[in-house]
Amino acid sequence: MAKKPTNVSERKVNVSTKVTSNKATTKLSNGVFVYTGAISIAELAKSLDILPSEIIKYFFMKGKLLNINSLLDDEMIGTICLENGFDFQKKEVVDAENFENLQIKDDPNDLTYRPPVVTIMGHVDHGKTTLIDAIRNSNLVDKEVGGISQSIGAYQAEINNKKITFIDTPGHEAFTAMRSRGASVTDIVILVVAADDGVMPQTVEAIDHAKAAGVPIIVAINKIDKPGADVNKVKNDLLAHDVVLEDYGGDVIAVEISAKQKINIDKLLETVILVAEMSQLKANPNRYAMGIVLEAELDKQEGPKATLLVQNGTLKTSDYLVAGTCYGKVRRMTNEFNKILNTALPATPVSVIGLSEVPQAGDHFMAFSSEKEAREIALRRKQIKESKEKKMTSAATLEDLFNMKKEGEIQNINIVLKADSTGSAEAVKASLEKINVPNVKINVIRASSGAITESDVLLASASHAIIYGFNVRPDAKTRAKALEEKVEIRLQRIIYALLEEIEAAAKGLLKPTYVEKIIGQAEIRQLFKVSKLGTIAGCMVVDGTIKANSPIRLLREGVVIYEGKIASLRRGKDQAKEVRSGFECGILIENYNDIKELDIIEQYEMVEEKA
C-alpha cells in the first residue's frame, strides 16, 4: 500500500502538469473505441481494422465526398463505430496551459474540511467594513478614505476553532466590477442591509451578483440599535426582490445585528459555519496550489504584487507560479497582517511577490514544479489569450446563441433587462420566462427600470449575458464600456419583436435583417422659443455626428420620450448638413416642442445585416 503524505510538503498532483501535445490518440479496448482530438479516416480505419475505402464509400453514399486524410467529427466517428459493431467514447484532454479547466478527482481520503469563503456585500455605508471590524476586533474603517472601502480586502477569522475567510467588497456604485469579482470566488454571501435605510440600489446589485454566482445568501440586518430601525420593512423589501427569508417560508436566513455595538455577531458567524457545513466544503491540501487572483498592483519598491486566494492544494514559498499569463517564483508570502508565511492552505488569502508582471484580478493561478515549466506554460497561455481575443468576446451575443443552439450546445440564455418603467420591466420579464423551447432556459438576471448603465454592462460581462433595452437607451459612455467589455446591447421598442428575437435565437432560427446603428448624440444646453417656429434646442454634439436627414429620438434620463425627425439643423445662422462631435448647433425637432435642458437628441440609422 502506498504511503499517505503526512505533511503538505509531500504534495501530489493527480493530473499531468506537463505541456502536452495536441496530437490525437486512439485505443480499442473491449469493443469500445476510445479517442481524443480530431481523427482522420486513415487513423479510424487502422484502429477499427477495416479498410479506409469502406468508410469513404459509406460517406459517399450519404452525399459526402471525403478522402483518406479527411478529418472526422464526433458524429461521423460515432456512426462508423456503431456501423461496425463498436461502442465509442471521446476523452477530453486538458493541456497544462488550460489548468483552470482541469477536472481534478481527488481521493476522498485526501479531502479535508476547508474554511468557507464569505463575501460581504451591500449598499455604501450600510456597515460592511464595520462588520469585518467587529469580527476581527480590528480597526479597518479608520484606515479607509472617508470610511468607504476602496479596494478588495481578504481576511481570516477563527470562530469555535473553525476558520472563515472574508472578502470585503466595496459597496459604492463605482466599484461594481470589484463586487462581481468577489461573487465569482465566494461560497457564501453575507448581504448587509441597514435597518434604518432598507434596500437600496447597490443592495439590489449585490443580490443580482450573488444570484448570478449561484451562492447561498445570509442577510445581516444591521444597525438595529439606531432610531428609526424597521426590520420588518427590510424583510418585505427583500421579498420584492425574490429574497425569501425563513420567516416567510423561504430558505434565506436573516440575522439581526449591530456591527457597531457588536450585537449578535457570534450568531451571524455560527450561521455562516452552519451553512458551510451543509455545503460540505472540502479540498485536498496535498497537491500543488490552484486558485484565483483577487487583486494585483505594481509596488514601487517590491515590483508586481498580487493578492491570491488559494482554492485547492497548498501554496509554498519557493513554488513556481503561473497566474494568468504571468509566471514567477514566490519570493515572499504574507497574510493580511503582513506576517510572513511559509505555507498557505486551501481558502487562505495571501499577498505574494515574485511574478514577472502584474496579473489581472480574476485570473486563475497554479503552482508548478520548475521555473522552465512555468515559463513555457505562461508563454503558451499568452499566445492562446491573444489568439482568442481576436475572435471571441467575453459576453454572449445573440448570433453566438443562434450558432450554439444549431450545434446543440446552449442551455441558458442570460439577459439583463432594462425598461422605461418598473411595470414594463416586469411585463417583459414575465413574457420572456414564458418562452418554452426544449433544453433552453431564459434566465433574466436583472429586470429594472431606467437607462442602461455601466453597472448593467459589468453584470452582463460577468454573467455572459445580453443586455436588452426596452424603450431605454445607453449613453455614449455606457456604449463605450459595452464595446470595451464586448457586451452586446440590443434595443427594442415593441415587446413582441423582442420576444420573437429571443425565441428565434433559442430555437436556432435567428435571421437578422436590420440592426440599429447610433450615429450621434447631442445634449440640449439651452432653449430658444421662436413664435413662428417653436422651441429651438441649443445643443452640443457629445458623440458621433448629427445629420440633417436621419431619424432621431429624444431621451430624458435615458428613457425615450419622443421619436421623429429634425426639421432644421443649423451652425450659427447657416443651415448645416451635419455637425460633428465637440461642436455646437441649433436643432428644431419636427412637430415637437416639449424639450428640456439636458435632454439628449440621439440620431440613428438602420443598417442591413446579412443573416
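In the block above lies the structure referred to throughout.
Quick caveat: nothing in here was measured; it's all calculated off a predicted structure. (Residues numbered from 1 in each chain as written. Predicted model: local features only at pLDDT ≥ 70, side-chain atom pairs only at ≥ 80, totals over all residues. Heavy atoms only, no water.)

1. Quick word on the overall build of the protein chain
- The helix and strand inventory of the protein chain stands at 14 helices and 34 strands.
- Counted over contacts in the protein chain with a minimum sequence separation of 6, partners at least 24 positions apart contribute 71%.
- Approximately 31,000 Å² of the protein chain is accessible, and the part contributed by carbon and sulfur atoms is 48%. (Helix = DSSP H or I, 4+ residues; strand = E, 2+ residues; numbered from the N terminus. Contact = heavy atoms within 4.5 Å. Areas by Shrake-Rupley, 256 points an atom, 1.4 Å probe, with all protein chains shown as cover.)

2. With respect to the sheet that holds strand β23 (residues 441-449)
- What the four strands build is an open sheet, ordered β23-β22-β24-β25; its pairing is parallel. One side of each edge strand has no neighbouring strand; the edge strands of this open sheet are β23 and β25 (489-492). Between one strand and the next, the sheet's axes are offset by a mean angle of 25°, whatever the strand orientation.
- As paired strands, strand β22 (residues 412-419) and β23 are joined by eight bridges and run parallel to one another. (Pairing = 2+ DSSP bridges. Axes fitted to C-alpha atoms, helices over the stretch in contact; angles between N-to-C directions.)

3. Focus: the pattern of salt bridges
- What the rule picks out here adds up to 28 salt bridges.
- E602 is the salt-bridge partner of R553, the closest N and O atoms lying 2.9 Å from each other. With R553 in strand β28 (residues 552-556) and E602 in strand β34 (residues 600-608), this residue pair connects regions lying 49 residues apart in the sequence. You'll find R553 and E602 in the same group, each marked buried. (Salt bridge = Lys/Arg side-chain N within 4 Å of Asp/Glu carboxyl O. Buried < 20%, exposed > 50% of the residue type's maximum accessible area, 1.4 Å probe, protein only.)

4. Section: the packing of aromatic side chains
- One pass over the structure, following the stated rule, counts three aromatic pairs.
- Ring plane angle 85° and centroid distance 5.4 Å describe the contact between Y58 and F59, whose orientation is recorded as edge-to-face.
- With a centroid separation of 4.0 Å and 15° between ring planes, the pair formed by Y562 and Y592 is classed as stacked. Here Y562, found in strand β29 (residues 559-564), pairs with Y592, found in the loop between β33 (584-589) and β34; they are 30 residues apart in sequence, far enough to count as distant.
- For the cation-ring pair, K162 lies above Y113, with the distance from its terminal atom to the ring centre recorded as 5.4 Å.
- Residue placement shows R553 over the ring face of Y604; its charged tip is 4.0 Å from the ring centre. (Phe/Tyr/Trp six-rings, centres within 6.5 Å; stacked < 30°, edge-to-face > 60°. Lys NZ or Arg CZ within 6 Å of the ring centre and 35° of its normal.)

5. Section: helix α12 (residues 454-463)
- Taking burial as the measure, the ten residues of α12 include eight buried ones, the bulk of the element.
- If you check which residues of α12 are buried, you get S455, D456, V457, L458, L459, A460, S461 and S463.
- Two residues or fewer after α12 comes H464, characterised by a positive phi angle close to 55°.

6. Points about the state of the cysteines
- Applying the stated criterion across every chain, the model contains zero disulfides.
- Looking at the unpaired C585, the closest cysteine sulfur is the one in C539, lying at 5.0 Å.
- Given the relative accessible area of 7%, C585 is considered buried. (Disulfide = S-S within 2.5 Å.)

7. Notes on the pairing of strand β27 (residues 534-547)
- Taken together, the four bridges between β27 and β33 define a ladder with antiparallel strand orientation. Within the sheet, the bridge partner assigned to M540 lies in β33 and is E584.
- Examined bridge by bridge, β27 and strand β32 (residues 578-580) share three bridges and lie antiparallel to one another. Note that in β32 the partner of T545 across the bridge is R580.

8. Comments concerning the environment of E357
- Along the polypeptide, E357 turns up in the loop between β20 (349-355) and β21 (364-368).
- Owing to a relative accessible area of 34%, E357 belongs among the partly exposed residues under this scheme.
- C-alpha of E357 to C-alpha of L298: the two residues are 59 residues apart in sequence and 8.2 Å apart in space.
- Once residues lying within four places of it in the same chain are set aside, the contact partners of E357 are P304, C326 and K382.

9. Description of the environment of P304
- The residue P304 is located in strand β15 (residues 303-312) in this model.
- The spatial distance from the C-alpha of P304 to the C-alpha of V358 is 5.0 Å, given a sequence separation of 54 residues.
- With sequence-adjacent residues up to four places away left out, P304 is seen in contact with E297, L298, V352, I353, G354, L355, S356, E357 and V358.

10. Considerations on the side chain of D299
- Within the fold, D299 resides in strand β14 (residues 290-299).
- Of the residues examined, D299 reaches a relative accessible area of 18% and is grouped as buried.

11. Some details on the nonpolar core
- With 28 residues, the main nonpolar core has L131, I164, F166, I190 and L268 as its most contacted residues.
- Mapped onto this core, the elements with two or more residues apiece are β7 (117-122), α4 (128-136), β8 (153-159), β9 (162-168), β10 (188-194), β11 (217-222), β12 (253-256) and α8 (265-279).
- Per-element accounting of this core gives the leading share, seven residues, to α8.
- Among all residues touching L131, those that are not within four sequence positions of it are I120, I190, V192, I257, A259, I265 and L268. (Core = buried A, V, L, I, M, F, W, Y, C linked by side-chain atoms within 4.5 Å.)

12. Quick look at the packing of helix α1 (residues 41-48) against helix α2 (residues 52-61)
- It is at 8 Å that the axes of α1 and α2 come closest, and there the two elements cross at 120°. Considering their axes alone, α1 and α2 lie oblique with respect to each other. Handedness of the crossing formed by α1 with α2: right-handed. Packed against α1, whose contacting residues are I41, L44 and A45, the element α2 presents P52, I55 and I56 at the interface. (Parallel < 35°, antiparallel > 145°, perpendicular 65-115°, else oblique. Left-handed = near helix turned anticlockwise from the far one by under 90°.)

13. Digging into the pairing of strand β30 (residues 566-571)
- Relative to β33, β30 runs antiparallel, the two being bridged by four bridges. Looking at β33, one finds that S568 is bridged to L588.
- Pairing of β30 with strand β31 (residues 574-575), which is carried by two bridges, proceeds in the antiparallel orientation. When the bridges of β31 are listed, R570 appears paired with Q575.

14. What about the sheet that holds strand β17 (residues 320-323)?
- In spatial order, the strands read β14-β15-β20-β18-β17-β21; together these six strands close into a barrel with antiparallel pairing. Pairs of neighbouring strands in the sheet enclose a mean axial angle of 45°, with direction left out of account.
- For β17 and β21, the ladder comprises four bridges, and the chain directions are antiparallel. Residue pairing for β21: A323 is matched across the bridge by F365.

15. Considering α1
- Among all positions in α1, only I41, L44, A45, S47 and L48 are buried. Here the buried residues of α1 occupy an arc of 165° about the axis, which is enough to place them on one side.
- Once α1 finishes, D49 follows within two positions and takes phi at roughly 60°, a positive value. (Arc of directions from axis to C-beta.)

16. A closer look at a nonpolar patch on the surface
- On the surface, F60, M61 and L65 cluster together into a nonpolar patch covering about 420 Å² of accessible area.
- Mapped onto the elements, F60 comes out in helix α2.
- We classify F60 as exposed; its relative accessible area is 53%. (Patch = residues over 30% accessible without salt bridge, like charges linked within 9 Å, V, L, I, M, F, W, Y side chains within 5 Å.)

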